[in-house]
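Coordinates in review
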Amino acid sequence: MATSWPQSFLQCSLDVTLRPYTTFETFIHPDKNELLPGLKNLAKSTTEPRQYFLWGTAQTGKSHLLQAVCNQLAYTDRKAVYLPIEELAIADSHVLNNLHQLDVVCLDNIDHVLGDEEWDRAFFLLINELRAENRSLVVTASLRPNDIKISLPDLASRLVWGPVYKLRPLTDKQKETALRMQAKARGFEISLEVCSYLLRRYPRELSKLVELLDQLDRQSLSQQRKITIPFVKLILDKT
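Cut-offs used in this document
Per chain, residues are indexed from 1 in the order of the written sequence. Only residues with pLDDT of at least 70 get local features here, since the model is predicted, and only at 80 or more are side-chain atom pairs given and counted; chain-wide, interface and lining totals rely on the full set of residues. Calculation of side-chain values draws on the structure's entire complement of heavy atoms; hydrogens and water are dropped beforehand. Each residue gets a pLDDT score, which is the predictor's confidence in that residue and runs from 0 to 100. Contact definition: two residues touch when any of their heavy atoms are within 4.5 Å. Salt bridge, as used here, is a side-chain nitrogen of Lys or Arg placed within 4 Å of a carboxyl oxygen of Asp or Glu. Strands here mean DSSP runs of E at least two residues long; helices mean DSSP runs of H or I at least four residues long; both are numbered from the N terminus. Accessible area is worked out with a 1.4 Å probe on protein chains only. A residue is then buried under 20% of its type maximum, exposed over 50%, and partly exposed in between. One bridge is not enough; two strands pair if DSSP finds at least two bridges between them. Note on geometry: axes are C-alpha line fits, over the in-contact stretch for helices, and angles between N-to-C directions span 0 to 180 degrees. Buried Ala, Val, Leu, Ile, Met, Phe, Trp, Tyr and Cys residues form a nonpolar core when they are joined through side-chain atoms within 4.5 Å. Helix crossings are classified by the rotation of the near helix relative to the far one: an anticlockwise turn of less than a right angle makes the crossing left-handed, while a clockwise turn makes it right-handed. Each residue receives one of three labels: charged for Asp, Glu, Lys and Arg, nonpolar for Ala, Val, Leu, Ile, Met, Phe, Trp, Tyr, Cys and Pro, and polar for the others, Gly being one of them.

1. Notes on the confidence of the model for the protein chain
- Of all residues in the protein chain, 93% have pLDDT values of 70 or greater, and the mean over the chain is 89.
- Contacts of residues 3–13 to residues separated by more than four positions or lying in other chains number 20 contacts, the stretch itself having pLDDT below 50.

2. Some thoughts on the pattern of salt bridges
- Tallied over the full model, the rule gives eight salt bridges.
- In this structure, Arg168 engages Asp31 in a salt bridge whose closest nitrogen and oxygen atoms are separated by 3.4 Å. Residue Arg168 is located in the loop between β5 (164–166) and α6 (172–186), and its partner Asp31 is located in the segment before α1 (35–40); the two are separated by 137 residues in the primary sequence.
- Assessed through its relative accessible area of 42%, Arg168 is described here as partly exposed.
- Across the salt bridge formed by Arg204 and Asp172, the nearest N and O atoms sit 2.1 Å from each other. With Arg204 in the loop between α7 (192–201) and α8 (206–223) and Asp172 in helix α6, this pair connects stretches of sequence that are 32 residues apart.
- For Asp172, a relative accessible area of 32% translates into the label partly exposed.

3. Here we look at the sheet that holds strand β3 (residues 104–108)
- Spatially, β2-β3-β4-β1-β5 is the arrangement adopted by the five strands of the open sheet, whose pairing is parallel. Each having just a single partner strand, β2 (80–84) and β5 make up the two edges of the open sheet. Averaged over neighbouring strand pairs, the angle between their axes works out to 15 degrees when direction is ignored.
- Across six bridges, strand β1 (residues 50–55) lies against strand β4 (residues 136–141) in parallel orientation. Paired with Trp55 across the bridge in β4 is Ala141.

4. Structural notes on α7
- For α7, every residue scored as buried is listed here: Val194, Cys195, Tyr197, Leu198 and Leu199.
- Packed against the buried residues of α7 are α6, α8 and α9 (229–238).

5. Section: the nonpolar core
- Formed by 27 residues in total, the largest nonpolar core has its most connected members in Leu96, Leu99, Leu107, Ile110 and Phe123.
- Where this core is concerned, the elements lending two or more residues are β1, β2, α3 (85–88), β3, α4 (117–132), β4 and α5 (153–159).
- Considering every element that reaches this core, the biggest residue donor is α4, with six residues.
- With 23 residues, the next largest nonpolar core counts Leu18, Phe24, Leu54 and Leu167 among its residues.

6. Focus on the pairing of β1
- Within β1, six of the six residues are buried, which leaves it mostly tucked inside the rest of the structure.
- Relative to β5, β1 runs parallel, the two being bridged by three bridges. Along β5, the bridge assignment pairs Trp55 with Lys166.

7. Some points on the packing of α6 against α8
- Contact geometry for α6 and α8: axes closest at 10 Å, N-to-C directions at 35 degrees. As for the relative orientation of α6 and α8, their crossing is right-handed in sense. Of α8, the residues touching α6 (which contributes Lys175, Ala178, Leu179, Gln182, Ala183 and Arg186) are Leu206, Leu209, Val210, Leu213, Asp214 and Asp217.
- Tallied by class, the residues present in the contact of α6 with α8 amount to seven nonpolar, one polar and four charged.

Spelled out as C-alpha cells, the structure:
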C-alpha cells in the first residue's frame, strides 16, 4: 500500500505501491515558484488546511510530485495516501470515503472521473471534510480546473480553494539531469554521453527512461560491468 493507514479505510482491495526513488530530490522543476517549498512543508503540522491543484500534460511529473509528498511523509508521524484515480475508477467513489481522517491526501488524475455525478459528490464531500479537519489535499489533472467538465458547480469553486500550478514538460537537457539524479539515488553514476544516447535511441518519455535505468542497474550489477554506451547498446539489442 502507498500508506500506513488501516486497510479498513477502503471499501475495496487496492494495490498501490510508491516508487522508492520518486522523491523531491529526484524531481526537476523547470519553473521558479513556490510549488516545491509548499509541497515539502506538508510534512509539517498546521492549524490551517492546505490545498494544491497541479495540472499538465503527460510526462510533466504530476505523479512524481504526489508520490514524493507521500515518500517524505513516510518518515514522519503524519499519515498520507497516494491514489491514482484513473486506475481506481473501476472501483467506485467509495475509495474516497474516510480519507479526511488522514493528514495529507494525494489524488492523481482526478479529471478521469470528474463529471460523473457520484464522483463529483464524493470529491465535494471530501474537500469539505478535509477543510473542516484542517487536513491537506493535493490533486492532479491533465486540464486546468476551468476546462474540466463538472456536474456540480460548487465543486468547481472548491477545486481552486488553493493554489493552481501548471507543470511543464522537461527539455532534453533537463531529462539528462533527471536521469543522472535518478542514477545517483540508486547508488551509481551515469555519464552525460550515456544519457544523450538513451534520449536518441529510446522512447523519450522520462518514465520509460527511468524504467530502462532500473534495468541497466540490475544488469550492470549482475554482470559486474559499468554502464557505458557499448553496455547499453548490448542490453537494448536484447530487448
